[in-house]
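Spelled out, the chains give:
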Amino acid sequence: MNGFYGRLLKINLSTGKYTIECPDEALYRKYLGGKGLAAYLLNELNPAGVDPLAPENNLIFATGPVGGTRIWGSCRYGVFTKSPQTGFYCESYAGGKVPEAIDATGFDAIILQGKSRQPTVLEIQPDGVYFHDGRPFWGMDTYAAEDALNEHFGGKGAGFRRSGAVVIGPAAENGVCFGVIENDYWRSAGRTGPGTVMGAKQVKGIVFKGDRTRPLADADGLKAFARSFHAEAKDHPSVGAYKEMGTPMLVKINNAAAAFPTRYWAEGVCDHWEKISAEALHARCDVTPRACLKCFMACGRLSTVKEGRHAGLKIEGPEYETIYAFGGLCLVDSIEEIAYLNDICDRLGMDTITAGNLCAFAVEASLRGKIGEAYAYGDVDAFADLLGKIARREGIGDILARGIRHAARKWDLEDIAVHVKGLEPAGYFHHALKGMGLAYATSDRGACHLRATFYKPELSGMISPGQIEGKAEMFIEFEDRLTIFDTFILCRFYRDLYLWDQLKTIIRLTTGLDYAEAEMKARARDVSDLIRRFNLREGLTAADDRLPGGFYQATGLDNPLTPEELEIMLAEYYRLRGWDASGKPPE
Ligand code: SF4
């Protein structure tokens, strides 16, 4: 079928063998690629109730029908598994340059099954898999590992157009439940612990090499569409904003809206925001905008610290979410110090949002006398030390490495812990942006900001942030459209540019499917229902769609989100999704 390779690669790490399978075309028509295809495979292949770190948990890399094409925002891959952090569905996406190499291997999905007997590096080519001894690389930080794997197994030789590696760091090797998969040094499939599952399988990294291109329904039409899209979209205000300031622009915007989570979720305004803003980043560091392949938005910031104890430190970032986690929640008031903590997390291969949340949580535990260690807000060196302890699972680090739910139980702090389904939220204060409360409550992977990116309509005036009734309708509209983004695997920062009409065109030009908007929404809902059934099978109940007490701990706010307001939004959300009162989709 056009738009797809029609091939799945199944790698059995226990036996060191692999198979290439060709699924029925009907599967692609129903679930498209990326998220839809991978969710279907995960549902089919994972035994119910499997331990996320057991060999039987499948780890799936997927591409979508825009992969490797000229479509803007298409250089991305997704990873799907059962999360060791939440115990539910896990998905995470990353950009950079390496996704083109993954795509060029010519598989719609690559499924890692079983567990290797010893550390392993996989080399995947269009015709199959080579298994390499991974022991020399085990223990390396992510930057060193990526360099080493590219040097030993990469290169574009033997006629391959594309080559690149994804790796895990020491945190994932040691079973820290929020380990990431990294590529291009700083691009991470970062949330809900896919790297930890890769580590449990003893796979240090995967080198992808290939020269395949997917068959397209209308290659000339696609080329013309990409050209005219660029001409029309390149001057859109959202493009200019991302290019000029990157995601750190949100520090100023969210702080002005009292939506910048601060002091471990106690406040929505940060006094030192100007020291950690996009403007501060550009003033204190040498910054060059940096783009994934096939992108004219260039939201990345390649930053080099100019002065001080971290002078010379080079990083792509910090992104807004890392600034919020360390600058807001932990009250670190220097952009260079945030870059330093970001660098530590990246090298160790840990999700920065979770890491920042846990550091702030440790401060609260310390201030409340729940732990013997002394942690204070803003103490960068103590946080740096703690991150190392988490990665090595030493002392208090071992408690935090098991995730917020475990630490909260252990320290009797469940009343203040801020998470949903075990995942800590991103940097949007739900009291100021009430739709983000609904987003955190209902996202299939825990307290996620990305499934609907609902901060966008709330911050931009498309809908009042304080509105409760009638909010779920727009929320679902965003969620469904971005589900289609994820089945294609498109960068969601193109969400203002690819509306339903453009998505219809893209699917027609790539696959030949002439889906109307209603049909695409039906496909999105099929995917949402499928993942919901997966989560229900893994033990999710409607109680998991609530915001725990820690979300309501802030005091002195005007018009805060209340549990009753969440109930209203939730009931509306279930009803519009076609789910029953307990959150079950129809059979
Ligand atoms: S907008 Fe940013 S994340 Fe998205 S494709 Fe461009 S550089 Fe990559």
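Here, every reference points to the structure presented above.
This report concerns the structure included in the present document. (Residues numbered from 1 in each chain as written. Predicted model: local features only at pLDDT ≥ 70, side-chain atom pairs only at ≥ 80, totals over all residues. Heavy atoms only, no water.)

**Considering the overall build of the protein**
When helices and strands are counted, the protein shows 22 helices and 15 strands. Dimensions of the protein, computed from the C-alpha atoms along their principal axes, are close to 60 × 55 × 45 Å. Put simply, the protein has 587 residues, and 63% of those count as buried. Relative to all contacts within the protein whose residues are 6 or more apart in sequence, the contacts with residues 24 or more apart total 70%. When the accessible surface of the protein is split by element, carbon and sulfur atoms take 49% of a total near 19,400 Å². One way to put it: in the protein the 68 positive side-chain charges average out to a point 4 Å from where the 77 negative ones average out. (Helix = DSSP H or I, 4+ residues; strand = E, 2+ residues; numbered from the N terminus. Buried < 20%, exposed > 50% of the residue type's maximum accessible area, 1.4 Å probe, protein only. Contact = heavy atoms within 4.5 Å. Areas by Shrake-Rupley, 256 points an atom, 1.4 Å probe, with all protein chains shown as cover. Lys, Arg positive; Asp, Glu negative; His and termini not counted. Charge placed at Lys NZ, Arg CZ, Asp CG, Glu CD.)

**So, the nonpolar core**
The biggest cluster of nonpolar side chains holds 135 residues, and the ones touching the most others in it are Phe-361, Trp-411, Phe-488 and Tyr-498. The dominant element in this core, judged by the number of residues it contributes, is helix H13 (residues 352-367), at 9 residues. Ignoring any residue separated from it by four or fewer positions in sequence, one finds Tyr-498 in contact with Ile-71, Trp-72, Phe-225, Phe-229, Arg-481, Phe-485, Leu-490, Leu-503 and Ile-506. If you look at the next biggest cluster of nonpolar residues, it comprises 27 residues, including Ala-94, Ala-101, Ile-124 and Met-198. (Core = buried A, V, L, I, M, F, W, Y, C linked by side-chain atoms within 4.5 Å.)

**Examining the packing of helix H19 (residues 471-488) against helix H22 (residues 563-577)**
Contact geometry for H19 and H22: axes closest at 9 Å, N-to-C directions at 55°. Between H19 and H22, the angle falls in the class oblique. The interaxial crossing formed by H19 with H22 has right-handed handedness. Side by side, H19 and H22 meet where Lys-471, Ala-472, Glu-473, Phe-475, Ile-476, Glu-479 and Asp-480 of the first sit next to Met-569, Glu-572, Tyr-573, Leu-576 and Arg-577 of the second. (Axes fitted to C-alpha atoms, helices over the stretch in contact; angles between N-to-C directions. Parallel < 35°, antiparallel > 145°, perpendicular 65-115°, else oblique. Left-handed = near helix turned anticlockwise from the far one by under 90°.)

**What about the pattern of salt bridges?**
Applying the stated rule across the entire model yields 50 salt bridges. A salt bridge links Lys-456 to Asp-496, with the nearest nitrogen and oxygen atoms 2.9 Å apart. Of the two residues, Lys-456 sits in helix H18 (residues 455-459) while Asp-496 sits in the loop between H19 and helix H20 (500-511), which places them 40 residues apart along the sequence. What emerges from the salt-bridge pattern is a single network uniting Lys-35, Glu-91, Asp-444, Arg-451, Asp-486 and Arg-492. (Salt bridge = Lys/Arg side-chain N within 4 Å of Asp/Glu carboxyl O.)

**As for helix H14 (residues 380-392)**
An ideal rise of 1.5 Å per residue puts 18 Å on 13 residues; H14 measures up with 19 Å between its terminal C-alpha atoms. Taken together, the buried positions of H14 are occupied by Val-380, Ala-382, Phe-383, Ala-384, Leu-386, Leu-387, Gly-388, Ile-390 and Ala-391. Contact partners of the buried residues in H14: helix H5 (170-173), helix H11 (320-329), helix H12 (335-348), H13 and helix H15 (396-401). Positive phi shows up at Arg-393, right after H14, with a value of about 60°. (Expected span 1.5 Å × (residues − 1).)

**A word on the packing of aromatic side chains**
Taken as a whole and assessed by the stated rule, the structure comprises 33 aromatic pairs. Ring centres of Phe-61 and Tyr-77 lie 6.1 Å apart, and the angle between their planes is 20°; this geometry places the pair in the stacked category. Of this pair, Phe-61 sits in strand S3 (residues 59-62) while Tyr-77 sits in strand S4 (residues 77-82), placing them 16 residues apart in sequence. As far as the burial class goes, Phe-61 and Tyr-77 line up, both buried. On the numbers, 5.3 Å between centres and 85° between planes, the contact of Tyr-185 with Trp-186 is edge-to-face. With a relative accessible area of 13%, Trp-186 lands in the buried category. In this structure, Arg-481 packs its charged tip against the face of Phe-478, placed 5.4 Å from the ring centre. (Phe/Tyr/Trp six-rings, centres within 6.5 Å; stacked < 30°, edge-to-face > 60°. Lys NZ or Arg CZ within 6 Å of the ring centre and 35° of its normal.)

**Re the sheet that holds S3**
The mixed open sheet is built from 6 strands, whose spatial order is S2-S1-S6-S3-S4-S5. The open sheet is flanked by strand S2 (17-21) and strand S5 (89-94), the only strands paired with a single partner. Here the strands of the sheet are splayed against their neighbours by 15° on average, with no regard to which way each runs. Two elements, S3 and strand S6 (residues 109-113), share 4 bridges in a ladder whose sense is antiparallel. Counterpart to Ile-60 in the pairing with S6 is Ile-111. (Pairing = 2+ DSSP bridges.)

**Comments concerning a nonpolar patch on the surface**
A contiguous nonpolar surface patch, about 230 Å² in accessible area, is contributed by Tyr-18, Ile-20 and Phe-131. Mapped onto the elements, Tyr-18 comes out in strand S2. (Patch = residues over 30% accessible without salt bridge, like charges linked within 9 Å, V, L, I, M, F, W, Y side chains within 5 Å.)

**A short note on the environment of Arg-7**
Within the secondary structure, Arg-7 is located in the segment before strand S1 (8-12). Judged by its relative accessible area of 13%, Arg-7 is buried. Residues Arg-7 and Gly-106, spaced 99 residues apart in sequence, show a C-alpha to C-alpha distance of 7.3 Å. Here Pro-126 takes part through its backbone oxygen, which lies 3.0 Å from a polar atom of the side chain of Arg-7. (Polar contact = N/O pair within 3.5 Å; in protein donor to acceptor, adjacent residues only side chain to side chain.)

**A short note on the state of the cysteines**
Counted according to the given criterion, the structure contains 0 disulfides. There is no disulfide at Cys-330, and the cysteine sulfur nearest it, in Cys-359, is 5.1 Å away. For Cys-330, a relative accessible area of 0% gives the class buried. (Disulfide = S-S within 2.5 Å.)

**Regarding the pairing of strand S12 (residues 203-210)**
The buried count for S12 comes to 8 of 8 residues, which makes it a mostly enclosed element. Summarising the sheet, strand S7 (residues 120-125) and S12 pair through 5 bridges and their orientation is parallel. Within S12, the position partnered with Val-121 by the bridge is Gly-205. By the bridge criterion, 6 bridges tie strand S9 (residues 162-167) to S12 in an arrangement that is antiparallel. Looking at S12, one finds that Val-167 is bridged to Gly-205.

**Re the packing of helix H2 (residues 34-45) against H19**
Taken N-terminus to C-terminus, the directions of H2 and H19 make an angle of 80°; their axes are 4 Å apart at the nearest point. With respect to their mutual orientation, H2 and H19 come out roughly perpendicular. Facing Gly-34, Lys-35 and Gly-36 of H2, the residues of H19 in contact are Thr-483, Asp-486 and Thr-487. Considered class by class, the residues forming the contact of H2 with H19 number no nonpolar, 4 polar and 2 charged. (Nonpolar A, V, L, I, M, F, W, Y, C, P; charged D, E, K, R; others polar.)

**Observations regarding the site of the ligand**
What surrounds the ligand is the set Arg-76, Arg-187, Arg-290, Ala-291, Cys-292, Cys-295, Met-297, Cys-299, Cys-491 and Phe-493. In terms of residue class, the shell around the ligand is made up of 7 nonpolar, no polar and 3 charged. (Near = heavy atom within 4 Å.)

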